[in-house]
Amino acid sequence: MNSPNGRELKYSYWDIIPVFLMDFMKDFDCKDVEETLRCIFKKEQVDAILKSPATNQPYLLLWLLRQHPPDVVQRFLEDEIIMKYYDYLMSAIRNESRNPSSSTESYISERDLLYNNNQKFSKYNVPRIEPYLELQKALLELRPSRNVAVEGVLGAGKQWLVLDVCSSFAVQRKMDFKIFWINVRDCRSPENQLQLLQSFLHQIAPSLRINFDQSVAVHIERVKAELRHILKDKPFKNCLLVLRNVQNKETWKAFNLGCKILLTTRHKSVVDYLSPATTTHVNLRDALTPSETESLFAKYLPTVPHESLKQLSNVQTTNPLLLSFIAESIRDGICTLDNWKNINFTKLTTIIQKSLKELEPSDKELFEKLFIFPRSAHIPIKLLGLVWSVADPMTVVNRFYKYSLVRKHTDQTITLSSIYSELNLRIPNEAALSQKIVDSYDIPRLFNQCNDTTLSQLDCYFYGHIGHHLSKVSDKTKRVNLFRMIFLDFRFLEQKIRNDRTPWNARGSILHTLHVIKSYRQEIVDNESHYKELVSALLVFLTKAEEKLISSEFTSLLRIALMSEEGPVFNEALRQVQRFPDFVWFTEHGRFHQHREIINLGQDEVRHAIYLDNDYCLMALGSKELLLTDVSLTGDKTYLLSDETDPSDITEMRVFNKQMQLLTLHKNGSLKLWSLRDLLPRRQLSDWGNCPTVRPPRGDQEPKHSKPHRSEQFVNNAINRFVRSKCISSFYLDENVRTTDYSIQLHVAFDDGDICILNWDDKDRKFKKAQTPILPTKQTDIRYFSKVLNRFYVVWSKKCSLTFWNLQNGSDVTEKQFELEKSEALAMETYFERLDDGVQYTIMMIIYERSVWRLKFKHTDYCNHLTDTLQVELLPLSETIPATVTCGKLSADGRYLILGTLKGIVVYDLKFPYGLLRSNVSERIVCLDVYDLHDPILKYIVLCGAKGKHFLHIHTLRSTDTDAITWMHHVDESDDQLKDRNTKGRAHLEPNVYLRPLLEMCDDGTLYAVDSRARIHQIQAIMGHSAGRRQSIANWTTIPTPHMESGKHITALCAGQEGTIYAGYNNGLIINISDNKMLPNEETKNSVDYLKEINSQRLIASFRNKDCTIIFSLSAGYTFICDFYTMYARLVHEHFLLLFSDSGVFYSDKAYEIQPRFKRPYGFDLKDDMLYLAFEDSTLRVYKLLVAEDKLNFQRLCKENINNPSQVNHLTASNDGQLIALGFKNGNIELYSYENHRLQQIYTINQGHGTSNETQLRFSPCKQVLVSCAEQLCFWNVKHMRNNQATTEVRSRRHNLLHQQLGREEVDAARFLDVSTDQFFSDLSSPQSEESIHVAENKACLWADKRGNDKLPELLACIKFVGNEARHFYTSADFTQFYVIDDEGVFYHLKVLENRPAPSLRVLDHVPSIRQIEQRPTHLEAHQDDIDEVDVDKDDDGVDVVGSGDILPDRQSDQI
């Protein structure tokens, strides 16, 4: 063996190189020699090294070299690049090869002996970097009289890991090259101990003989004493004793000789015995990583192509022993790459059975019974007592745990170690045992007799695996009945969905629920058409209900089902709620509902999203990771891609090369290449059935995802040596697709304006610098650029201008500066199209914040001047863009442009440029993607991410009969309605129109709503007893409104006392819609935010942005202007006007003089002559309004302090003034009683609402219900709260009062109330009021005995809105119907389901009838405060007033 200079080498480089591992660790960078590595080794091997952390790369490199023959190692070390950069290191290696030190010779000798004694290890071992480094560190820190214990289950690879680490030079040298190996597997008796001790003594002192005729015990002690003596000598002071397969603690005691000990064991008794004070524990998981699995298969199957090995590496099996048997069986021809899953590995079964011989026969029989449970299931220990027929199952579990046969978990469950699942044992009495498990849950009693809407007695095992045991019940009738009882029960389905997790560990998932329903469909249906229809409808319903269920922990699936469209699901829900008559249920009669599909992201928000072929979705998350997941509902493959060494937010991402590669541009200027090739297995068409575009139910795999995958290439490094800057600002991918060629070029722009080109190397699968010279544009901060006509760049920089560059000569060919917009461009999209003139064009769309420009480049044979081929036009979209654009995407065919804005999605048809569709109008869109389904009916999939939302919406666009498209998730756009849009009385809105969250109700119960086209809709929503579920649909009429220019819409609405309708617009106009007359307003052009007809003579208009209030005298024709914004106005005692503003509370007397009275309140309410105010100084005050000598006096009845860290945003009082509720910004609601001019806290509601600027509250007339409205509509049980009052020691009167003062925002109380509730209380002599009282009294029984579920008994019902919030609601006079429009434009008409309650044994407060409400007590003191700042909110004459002094941000005066 010769070196390059001809001198003979004593040892080859292959032998010597492990000696220099630490030298490689100190000063060797694999990136320096990447070119050499790629010339010698396979691409995937080099990629695995370069993608690993820098500290691990030297280990991986040396392991790779050791896997190859000596000539390959010599070729690598003698390469010119290696010699150039690391000549000093190579010289040291050469010298050591020629003249090895004694340490080197000792190491090589010991290592060769170790390898020779372990042939299979030396041939098939796969290094496992993480456990390797952990064990190596423990051994290098080990000192005499201490231990290192490697623990793991059967087949975890303990022995090979120990052999691998102990064959390293560092460990061998640390042990003075003296490592002694003893296999103590059979050491179970003193005789065995003596034999093995003598064997050890012979290893270290071959000539020593000890002969005794005494007992074995004495003999053992004598041998141990001799060993201790020898091990203290200097030659053996640092030696290591390796005890393999330790079975019991007695074995360790026998070999506790004062030296260093490394032991392997799978017995927990041994592990638990060894104290952490003396022992370093290394817990080895039985799991190889995908790359380690691939390496293992490559060693067994060297001739199998890499692509096939890659597929094998994605198997769910991770146990090293099992993987070795799979690879060995394929190598020996026992099975193939395709059918190995069906093979029973006899050798493995023998090994497993042998390991079970340690059990007693009775214990082995019990262990085999564990196989009636599903694989990988968390088995409740309480069920094991039934299966084993033992009183104390934990004792048996501990015996199994001692041998690592099972794993114990903190939730009182166990799991079977994965390797033992390969036994596939058949249990003779499996049906009987399963029947025991089913019977233990007492399912009929629990489901049929449980008088609650939650099934609290069930555990996670029941939700996950009860179907497995039901399927084995022998009685078919019983089996079918139980399947239907469980899997059609909405309570069970809800809890299961909430308990399940997505493959990426987000809590709440429908995936497994859909799978089990499909798996047991035949058992549920049992050839009955009714159940077949119901199951099919249920599968569809669950995907639609997921968003509401995941978004709110307080809503219920049964409630959602009851509010669904008529059909099998509704009918089943209606049947089930009959069992719960003492709960509150609603049917829904509203309009414009949306059932949207989502991807639940748990705690993450999405930043970018791409929909891929075969129903995969790629998302960039706020956590700086990439999530790739299967969204087909047929599988659950999920991968995380991240770069922990260089984390940064992703600003742009593109897939290319047939979606096998991904490029991501990061905020820190780095551009990274990722491989998706092996993560996206191509699905067969049969996987989906007949229609590949529909998302069918998910497959049967357990949700799981692998460890994060790293990027393949840091593109900056490929060009850094050629450019000055290192920060990439933009990139452009040019994929040239031809029949015979497929080339890819990457154009990269740096932040200093340099643009360079890289070519795609398909062999190495990375980009390489092209020979094309760098183009110095000097356009700093290039944000977007594109290549057109194969020779020009179109460049947009942050200077907001376009420039054009000739690639052939690098010149700037911009003939004039194109400053299309002053704002920043958000996207640049290009496509090709042949126009009507028959000429091909390259069309470029540039999307700005408020406009979209289209550039057309005509294809010609030769182009002297680029501008000769250019047509620039501004698309006529500006007036229809609802808000600032945040992102945009063009469909692949160039037909549709989808814009994301601060107010949702807008879809434009570029063939006829107008806004075609709207959706997600309540969301601030942050990302979009459009995917062409190439289907005649289902046209596109649209991905949509919104700020603050932890899920991604998946919308589908479908075609209509008129060659248009519409949303699938708009449930009112059914086929019948699409065919008959002009049906009289039908509440239809055009696809690009939606309801604004502005709703008014007049005294006769008529509702008025406004749409985004400034049209007013009159809704006769009161329903009779015979009305159908959708009766309200036929009672919509449109009131003509004046034509307004685009962008002008109604922001305030007032329904007058005589049917007059006033509308305020965002341009300051105020119009009497009934008479089509414009009221004079020369003061401001700002948006009208509040309108109120005080009486037939006066109208108040208020403008938030202007801080202005105008009082119109309708008869005299003059106006009176105030310099503050009025949130609410109220006429009291016929002549006195109260104005509640953000500057305080003002009032005017008969002379119309505006006078300040109070400072700004943060909560207010007005009931008859009682005024309730909550102030910033944590005081709450109650006043009596009195008139004396033509003057309005405020007589204070109560002033108290309340102590609460959060600010009040709403205050409301009951009709009789005896109850007061405060809503706080933190979402809490506090209930108080007010009697004898004192406040007493009753209850604090700290669940139901999140942080909110506005939480609307309203008491029912019977005081049994408190309704709160914010992000959802909640109904609270006042009776329960009064029966469970807070103790007076905890909450003082002053604390209660302070809570009220914190106020709420501007809200017209009329929006919260039913028909003039105050009025029929204050005027009992009125026949109309008398009738209303009778109505309220008759319906009060609907609420009398209602209750909430056992988990949150104070909550009667919760309705989650589709949008983010609704800011006001109305009720009918009898408080049985509720009307809301949320900020998504969904109109809710909820009607209480009048189930007659069953007799209740619960003790409830006596609730007086409305007629029995007593007069309020007289005031105690007549005291007027100095002028304070106040803010009050109250309704019309005699109607509840709710107020908030907190000024809301601009909402275009949509008073919601």
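Preceding block: the structure.
To start, this report covers the structure provided alongside it. All figures in this text were calculated on a predicted structure; none of them were measured in a lab.

**Comments concerning the overall build of the protein chain**
When helices and strands are counted, the protein chain shows 39 helices and 71 strands. Here the protein chain holds 1456 residues, and 60% of them are scored as buried. Across the protein chain, contacts joining residues at least 24 apart in sequence account for 61% of those joining residues at least 6 apart. Counting only carbon and sulfur atoms, one obtains 46% of the accessible surface of the protein chain, whose full area is about 59,400 Å².

**What about the packing of aromatic side chains?**
We describe a pair of aromatic rings using the distance from one ring centre to the other and the angle between the two ring planes. Overall, the coordinates contain 58 aromatic pairs when judged by the stated rule. Seen in terms of ring centroids, F1375 and F1378 are 5.1 Å apart; in terms of plane orientation they differ by 85°. Their pairing is edge-to-face. Residue F1375 shares its accessibility class with F1378, and that shared class is buried. Taken together, Y441, F447, F462, Y463, F483, F487, F492 and Y520 form an aromatic cluster joined through their ring pairs. Positioned above the aromatic ring of W14, the side-chain terminus of R66 is 3.6 Å from the ring centre. Lying across the ring of F592, R591 places its NZ or CZ 5.3 Å from the centre.

**What about the side chain of E151?**
In this fold, E151 is placed in strand β1 (residues 147–151). Setting aside residues up to four positions removed in sequence, E151 forms contacts with K158, T265, K268, V271, H281, V282, N283 and L284.

**Concerning the sheet that holds strand β17 (residues 671–675)**
The strand order across the open sheet formed by four strands is β15-β16-β17-β19, and the pairing between neighbours is antiparallel. If you trace the sheet from one side to the other, it starts and ends with β15 (650–656) and β19 (713–714), each paired once. With six bridges joining them, β15 and strand β16 (residues 661–666) adopt antiparallel strand pairing. Bridge pairing links I650 to H666 in β16.

The rules we used
Residues numbered from 1 in each chain as written. Predicted model: local features only at pLDDT ≥ 70, side-chain atom pairs only at ≥ 80, totals over all residues. Heavy atoms only, no water. Helix = DSSP H or I, 4+ residues; strand = E, 2+ residues; numbered from the N terminus. Buried < 20%, exposed > 50% of the residue type's maximum accessible area, 1.4 Å probe, protein only. Contact = heavy atoms within 4.5 Å. Areas by Shrake-Rupley, 256 points an atom, 1.4 Å probe, with all protein chains shown as cover. Phe/Tyr/Trp six-rings, centres within 6.5 Å; stacked < 30°, edge-to-face > 60°. Lys NZ or Arg CZ within 6 Å of the ring centre and 35° of its normal. Pairing = 2+ DSSP bridges.

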